[in-house]
Amino acid sequence: MIFSVLAFLMVCISVCIKNRKLSLCVQSFNCIFEGIYDFLVKAYTGASLSVLNFIRTIFFINKEKFSKKTYFLLLIIFLSLAVINCIFSWQGVISLLPTIGTMIRIYCLWQENMTLVRVSGLTTGMTYGLYYVYYSSWFLVLGDIILFIVSLISIYKYDFKKKKI
C-alpha cells in the first residue's frame, strides 16, 4: 500500500508544477512506485507500462540532447512499445485502459506545453482509475479521482484563469 500512496502523491504533485522538466522528474518517481505496486497486485500490463513510462520520462527530461527528428522518432518508438506491451501482457479488454492512458500521456509529455501535461492528468485519472477498479485497488482509484480533480484545478489555475491587473 505504501507504493500506491507514493505513486499517488508523485503524480498529483507533478501536475501542479509549472516547470516541465521538474514535473517530469517528479513523474519518474511516480513510474517507479506505481510499477512496484502494479507488480505486487499482479497488474502486469500496468507494471510493464510503468517501466516503459519511466524510461520515456528520462528521455523526455533530456529533450534538448536530441535532434528534432530523433525526438520525433522517440515518440513513435514509445507509442509503438505501448501497443506491443498491450499485446504481450494482454489480460483481456482491461489491458486497453492503461495502454490508452499511457499513449495519450506519452504524446502529452513529449510536447513542451505544460497544459498538455496537466491534460494528461485528466486522461490518466480516467483510464487508470477504471483499470484499478478492476484490480480492486481502491486507494489508487481514489488517487486517480483526486488526480483528475487536481488536474482540472491546475488547468483552470494555470491555463484558463484570466490574470487580474
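Structural data are supplied above this passage.
The rules behind these values
- Residues numbered from 1 in each chain as written.
- Predicted model: local features only at pLDDT ≥ 70, side-chain atom pairs only at ≥ 80, totals over all residues.
- Heavy atoms only, no water.
- Core = buried A, V, L, I, M, F, W, Y, C linked by side-chain atoms within 4.5 Å.
- Buried < 20%, exposed > 50% of the residue type's maximum accessible area, 1.4 Å probe, protein only.
- Helix = DSSP H or I, 4+ residues; strand = E, 2+ residues; numbered from the N terminus.
- Contact = heavy atoms within 4.5 Å.
- Patch = residues over 30% accessible without salt bridge, like charges linked within 9 Å, V, L, I, M, F, W, Y side chains within 5 Å.
- Areas by Shrake-Rupley, 256 points an atom, 1.4 Å probe, with all protein chains shown as cover.
- Salt bridge = Lys/Arg side-chain N within 4 Å of Asp/Glu carboxyl O.
- Axes fitted to C-alpha atoms, helices over the stretch in contact; angles between N-to-C directions.
- Parallel < 35°, antiparallel > 145°, perpendicular 65-115°, else oblique.
- Nonpolar A, V, L, I, M, F, W, Y, C, P; charged D, E, K, R; others polar.

S.K.: Please set out the nonpolar core residue by residue, giving values where relevant.
M.R.: In this structure, Phe60, Phe78, Ile106, Tyr131 and Tyr132 are the most contacted members of the largest nonpolar core, which totals 25 residues. Residue assignment for this core shows that the elements contributing at least two residues are α2 (20-40), α3 (44-61), α4 (68-88), α5 (96-110), α6 (114-134) and α7 (138-160). When residues in this core are grouped by element, the largest group, six residues, is from α4. Dropping the residues within four chain positions of it, Tyr131 is found in contact with Ala43, Tyr44, Thr45, Gly46, Gln91, Ile94, Leu97 and Pro98. By size, the runner-up hydrophobic cluster in this structure holds six residues, among which are Phe8, Val11, Val15 and Leu147.

S.K.: Explain unusual backbone geometry to me, and be specific about the residues and the numbers.
M.R.: Positive phi, close to 65 degrees, is recorded for Lys42, a residue that is not glycine. Inspection of the secondary structure puts Lys42 in the loop between α2 and α3. For Lys42, a relative accessible area of 52% translates into the label exposed. For Ser136, which is not glycine, the phi dihedral falls at a positive 55 degrees. You can see Ser136 is positioned in the loop between α6 and α7.

S.K.: Which residues make up the side chain of Thr45, and what values go with them?
M.R.: Along the chain, the position of Thr45 falls in helix α3. Leave out the neighbours within four places in its chain, and Thr45 touches Asn85, Ser89, Trp90, Gln91, Ser95, Pro98, Thr99 and Tyr131.

S.K.: Tell me about a nonpolar patch on the surface, residues and numbers included.
M.R.: On the surface, a cluster of nonpolar side chains totalling about 850 Å² of accessible area is made up of Phe72, Leu73, Ile76, Ile77, Leu81, Val83, Ile84, Ile87 and Phe88. Within the secondary structure layout, Leu81 lies in helix α4.

S.K.: Go over the packing of α5 against α6 with me, naming the residues and quoting the values.
M.R.: Interaxial distance between α5 and α6 falls to 8 Å at its minimum, and their mutual angle equals 170 degrees. Considering the angle they form, α5 stands roughly antiparallel to α6. Mapping the contact onto sequence places Leu97, Pro98, Ile100, Gly101, Thr102, Ile104, Arg105, Cys108 and Leu109 in α5 and Leu116, Val117, Ser120, Gly121, Thr123, Thr124, Thr127, Tyr128, Leu130 and Tyr131 in α6. For the contact of α5 with α6, the class distribution of residues is eleven nonpolar, seven polar and one charged.

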